[in-house]
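# Working through the structure, step by step
So you can see what is in the structure, the chains are spelled out below.
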Amino acid sequence: MKNKSLLFVILIVCIAFSLLFVGCSPLGEEIGEVTITIDCKTILNNRDKVEQSLIDNNLIPKDGIILPQTKVKVYSNESVYNVLIRVCKENKIALDCDLEPMFQTYYVKGINHIYELSVGSSSGWLYFVNGEQVNYGVSLYKLQGGENIKFAYTVILGDCNEFN
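Residues numbered from 1 in each chain as written. Predicted model: local features only at pLDDT ≥ 70, side-chain atom pairs only at ≥ 80, totals over all residues. Heavy atoms only, no water.

### Here's the deal with the packing of aromatic side chains
- Under the defined criterion, the tally for this structure stands at four aromatic pairs.
- Aromatic side chains Tyr81 and Tyr106 sit 4.2 Å apart centroid to centroid with 10 degrees between the ring planes, which places their arrangement in the stacked category. You can see Tyr81 sitting in helix H3 (residues 80-90) and its partner Tyr106 sitting in strand S4 (residues 105-111), a full 25 residues away along the chain.
- Note on Tyr81: relative accessible area 14%, which makes it buried. (Phe/Tyr/Trp six-rings, centres within 6.5 Å; stacked < 30°, edge-to-face > 60°. Helix = DSSP H or I, 4+ residues; strand = E, 2+ residues; numbered from the N terminus. Buried < 20%, exposed > 50% of the residue type's maximum accessible area, 1.4 Å probe, protein only.)

Below you can see the structure in the form of structure tokens.
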């Protein structure tokens, strides 16, 4: 009988514990949605500069869209970086980022195996929030909900202006 009582107490404690923490997330509480898009349209007009391996492995989408505009839930403690990681993982899109200790943020080196300098000496990934280019690292931009995020590959500085 003691074993049944002990088992019952353990069961009640487990249920109480699980009810206490249901819905808790290390990301914080859900605060809404954001939209995110990833494109490399600028490459389409610069095929002569593209690393051959990108062409050989068919890594450049015909329309330049790696991820069409996608709605994603966002949580109170999230940054653009958190959303980018999550959406790339969910959509099986390769992502390569490095922590930049000097700036205490992450730098996006490559998306979908398309890296900085893959299409010339000025090429790389930029990101925009609500149509404005952000000039600091993706993990420093904290989201509020409702933002429109776009990652765009640039070949020549300024060639992404038509996409923001």
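### Considering the sheet that holds strand S8 (residues 148-154)
- Read across the open sheet, the five strands follow the order S2-S1-S8-S6-S7; overall the sheet is mixed. At either end of the open sheet lies a strand with only one pairing partner, and these are strand S2 (65-75) and strand S7 (132-133).
- In the sheet, strand S1 (residues 30-39) pairs with S8 via five bridges, with the strands oriented parallel. Following the sheet pairing, Thr35 is matched in S8 by Asn148.
- Each of S1, S2, strand S6 (124-129) and S8 touches H3; the most contacted strand, S2, lies at about 120 degrees to it. (Pairing = 2+ DSSP bridges. Contact = heavy atoms within 4.5 Å. Axes fitted to C-alpha atoms, helices over the stretch in contact; angles between N-to-C directions.)

### A closer look at the confidence of the model for the protein chain
- Looking at the protein chain, the pLDDT average stands at 86 and 81% of residues meet or exceed 70.
- Across residues 13-24, where pLDDT falls below 50, the model places zero contacts with residues more than four positions away in sequence or in other chains. (pLDDT = per-residue confidence, 0-100.)

### Section: the sheet that holds S4
- The antiparallel open sheet is built from three strands, whose spatial order is S3-S4-S5. Unpaired on one side and paired on the other, strand S3 (95-100) and strand S5 (114-115) mark the two borders of the sheet.
- Two elements, S3 and S4, share six bridges in a ladder whose sense is antiparallel. Paired with Cys97 across the two strands is Val108, which belongs to S4.
- Contacts between H3 and the sheet are confined to S3 and S4, with S3 contributing the most and set at about 155 degrees to the helix.

### Thoughts on the environment of Leu67
- You can see Leu67 is positioned in strand S2.
- Leaving out residues up to four positions away in the same chain, Leu67 has contacts with Ile36, Thr37, Ile38, Val87, Asn91 and Ile93.

### A closer look at the nonpolar core
- In terms of nonpolar packing, the biggest core is built from 36 residues, with Ile36, Ile38, Ile43, Val80, Ile114, Trp125 and Phe151 touching the most fellow members.
- The set of elements that each furnish at least two residues to this core consists of S1, S2, H3, S4, S6 and S8.
- If you tally residues by element for this core, the top one is H3, at six residues.
- Contact partners of Ile38, with chain neighbours within four places excluded, come to Gly64, Ile65, Ile66, Leu67, Leu84, Cys88, Ile111, Trp125 and Phe151. (Core = buried A, V, L, I, M, F, W, Y, C linked by side-chain atoms within 4.5 Å.)

### Re the pairing of S1
- Relative to S2, S1 runs antiparallel, the two being bridged by eight bridges. Note that in S2 the partner of Glu30 across the bridge is Tyr75.

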